[in-house]
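The lines below spell out each chain.
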Amino acid sequence: MAKVLVVTSGKGGVGKTTSTAALGAALAQSGERVVVVDFDVGLRNLDLVMGAERRVVFDLINVVQGVAKLSQALIRDKRLENLWLLPASQTRDKDALTDEGVRRIIAELRTRFDWVICDSPAGIERGATLAMRYADEAVIVTNPEVSSVRDSDRIIGMLDSKTARAERGEQVSKHVLITRYDSGRASRGEMLSIDDILDILATPLLGIIPESQDVLRASNVGSPVTLNNAASAPARAYIDAARRLNGETVAMMVPVERKRFMDRLLGRRAA
Amino acid sequence: MSMSLLRLLGRRAGSAPVARERLQILLAHERSQRGQPDLLGILREEILAVVSRHVKLDPDKVLVKMDRGKSMSTLEVDIELPNGFDQLVRTRLPDHQLA
């Protein structure tokens, strides 16, 4: 049975696109057939993070409007043969995305893939509500910071009321993914702790992604962090999170960055 | 001396507990408001409608403030009235009584 997963947050810049690419690639590496769908109409970026920006011909809107077939718009990843991308449109016409069009495309993707991962735009407008509309599960990407936690709470409220599942009286299965976590700062009381965030949001934890240079490095070269450097701390955390999505029980821990001696000596932070 | 000592201890304890407490108060309020009409907005509209039945209001001279506390909140409506506004009221009253 195919699963539709929305990666959402409310707040921008917390790591939705990075997490979509990393989780999608990790699930594909474990043998699942995965499509990642960019819902950020007008500001597409998943193609860039996936390293497929030069291969986009048709997009989500073209398929919604019947200009292109789904098979023409899907881009196969060059590294993993069971990972695909459906890019967003770069044209600014956000109204081109309709509820009925999204319903049709998601239904068709369900027949072809094990996982349909929808990368939501920031905000709570049309793009964000349509990205979560037909989801079975949701990953709420949250930074240990007050504005991000507040927006996550708002998004959780929307997942419980505005989705097709909620309207049928069912639940969207929700998971919090904490990104940019710095365990040192949290233990010194400078940053909200994991327990603080989970307590406030009352939603189960999917994973803890440590703040790391590897995330930026991977997006610089257009590769999901789980493919670019699978041994790095954030990649290991994403791979564990993907296994949990697949129903495995994996002990929760914060993978730590192995600091080089010189970095430690000079007090350089992993950023 | 004691203040600076407290500040020093406070700094060492970090600001995360403050963040946590602020979020808890705010979210308790926001969750209770979800799907509810905007009560503050309605109060503001209706209070201004009642006052402007009697006095001509300059919208720039009306301040509405809200302060939400843990156990009590206050709504402050501050309306600046021009001198001689009661004369204006007297001349306007007959209209109002007719209506």
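Cut-offs applied
- Residues numbered from 1 in each chain as written.
- Chains lettered and ligands numbered in written order.
- Predicted model: local features only at pLDDT ≥ 70, side-chain atom pairs only at ≥ 80, totals over all residues.
- Heavy atoms only, no water.
- Helix = DSSP H or I, 4+ residues; strand = E, 2+ residues; numbered from the N terminus.
- Buried < 20%, exposed > 50% of the residue type's maximum accessible area, 1.4 Å probe, protein only.
- Contact = heavy atoms within 4.5 Å.
- 1 Å grid on protein atoms, 1.4 Å probe; cavity = no way out; pocket = protein on both sides within 12 Å on 5 of 7 lines; lining within 4 Å.
- Points joined across faces, edges and corners; volume = space filled by probe spheres on them.
- Nonpolar A, V, L, I, M, F, W, Y, C, P; charged D, E, K, R; others polar.
- Expected span 1.5 Å × (residues − 1).
- Pairing = 2+ DSSP bridges.
- Buried area = accessible area lost by both parts, 1.4 Å probe.
- Salt bridge = Lys/Arg side-chain N within 4 Å of Asp/Glu carboxyl O.
- Axes fitted to C-alpha atoms, helices over the stretch in contact; angles between N-to-C directions.
- Parallel < 35°, antiparallel > 145°, perpendicular 65-115°, else oblique.
- Left-handed = near helix turned anticlockwise from the far one by under 90°.

Student: Can you walk me through the overall build of chain B in this structure?
Tutor: Within chain B one finds four helices and two strands. Listing each helix as α and each strand as β along chain B from the N terminus yields α-α-α-β-β-α. Going through the 99 residues of chain B one by one, you find that 10% of them count as buried. In chain B, the share of contacts with a sequence separation of at least 24, taken over all contacts with a separation of at least 6, comes to 45%.

Student: When you look at the layout of surface pockets in this model, what are you seeing that I'm missing?
Tutor: Any empty space left between the atoms is revealed when a probe the size of a water molecule rolls over them. What the largest pocket holds in volume is close to 560 Å³. Along the walls of the largest pocket sit 22 residues, with H29, E30, Q33, R34 and Q36 of chain B positioned nearest its centre. Those elements that place two or more of their residues in the lining of the largest pocket are α7 (146-159) of chain A together with α2 (16-33), α3 (39-54) and β1 (62-68) of chain B. A class-by-class count of the residues in the lining of the largest pocket yields nine nonpolar, six polar and seven charged. When its volume is computed, the second largest pocket comes out at roughly 480 Å³. Every residue lining the second largest pocket is counted, 27 residues in all, and those nearest its centre are G13, V14, G15, K16 and T18 of chain A. Residue assignment for the lining of the second largest pocket shows that the elements contributing at least two residues are α1 (16-29), β7 (173-181), β8 (205-210) and α11 (213-220) of chain A. Sort the elements by how many residues they give to the lining of the second largest pocket and α1 of chain A lands first, with four residues.

Student: Before we go on, may I ask you to explain unusual backbone geometry in this structure?
Tutor: For residues other than glycine, phi is negative in most cases, and the peptide bonds are mostly trans. All names here are of chain A. You will see that R180, though not glycine, has its phi angle at about 60°, which is positive. Exposure remark for R180: the relative accessible area of 42% places this residue in the partly exposed category. A positive phi angle is found at A202, which is not glycine, with a value near 50°. When you line up the elements, A202 lands in the loop between α10 (194-201) and β8. We classify A202 as exposed; its relative accessible area is 66%.

Student: Just checking my understanding: could you explain α1 of chain A for this structure?
Tutor: Each α-helix winds once per 3.6 residues, and so residues spaced three or four apart point in a common direction. Residue and element names in this part refer to chain A. Taking 1.5 Å of rise per residue, the 14 residues of α1 would be expected to cover 20 Å, and the 20 Å separating its terminal C-alpha atoms lies within 8% of that figure. With 11 of 14 residues buried, α1 lies mostly within the body of the structure. With its phi angle positive at about 100°, G31 sits one or two positions after the end of α1.

Student: Got a minute to help me understand the environment of A218 of chain A in this structure?
Tutor: All names here are of chain A. Mapped onto the secondary structure, A218 falls in helix α11. A relative accessible area of 1% means that A218 is categorised as buried. When the C-alpha positions of A218 and R79 are compared, they lie 14 Å apart, and in sequence the two are 139 residues distant. Contacts of A218, omitting those with residues within four sequence positions, involve S223, P224, V225 and N228.

Student: I tried to follow the pairing of β8 of chain A on my own but got confused; where do I start?
Tutor: Moving residue by residue along a regular strand, the side chains alternate between the two faces of the sheet. All names here are of chain A. Burial within β8 is extensive, with six of its six residues counted as buried. Relative to β8, β7 runs parallel, the two sharing four bridges. Within the sheet, the bridge partner assigned to I178 lies in β8 and is I208.

Student: Looking at this structure, I do not really get the interface of chain A and chain B. What am I missing?
Tutor: Accessible area lost during the coming together of the parts is what is often quoted as the interface size. Taken together, the contacts link 16 residues of chain A with 15 residues of chain B. For the pair chain A and chain B, the two sides together bury roughly 1,200 Å², of which 53% comes from carbon and sulfur. When the area that chain A buries against chain B is broken down by residue, the three leading residues are R150, D153 and I200 of chain A, summing to 42%. The residue R20 of chain B makes a salt bridge to D199 of chain A at a minimum N-O spacing of 2.8 Å. Contributing elements (two or more residues each) for the side of chain A that touches chain B: α7 and α10 of chain A. Among the residues forming the side of chain A that touches chain B, the class breakdown is six nonpolar, two polar and eight charged.

Student: Sorry if this is basic, but what is going on with the packing of α7 of chain A against α2 of chain B here?
Tutor: The axes of two packed helices give the description: the angle between them and the distance between them. At a minimum axis distance of 10 Å, the contact between α7 of chain A and α2 of chain B shows a crossing angle of 25°. Classified by the angle their axes make, α7 of chain A and α2 of chain B are roughly parallel. When the axes of α7 of chain A and α2 of chain B are compared, the crossing they make is right-handed. Mapping the contact onto sequence places V146, V149, R150 and D153 of chain A in α7 of chain A and A19, L23, L26, L27, E30 and R31 of chain B in α2 of chain B. Residue composition of the contact of α7 of chain A with α2 of chain B, by class: six nonpolar, no polar and four charged.

Student: Got a minute to help me understand empty space enclosed by the protein in this structure?
Tutor: Residues and elements named next belong to chain A. One pass over the full model with this rule turns up four cavities of 30 Å³ or more. Each pocket or cavity is described by its volume, and for the largest cavity that value is around 50 Å³. If you trace the largest cavity, you find it lined by F39, D40, V41, K94, L97, P121, R126 and G127. Tallied by class, the residues present in the lining of the largest cavity amount to four nonpolar, one polar and three charged.

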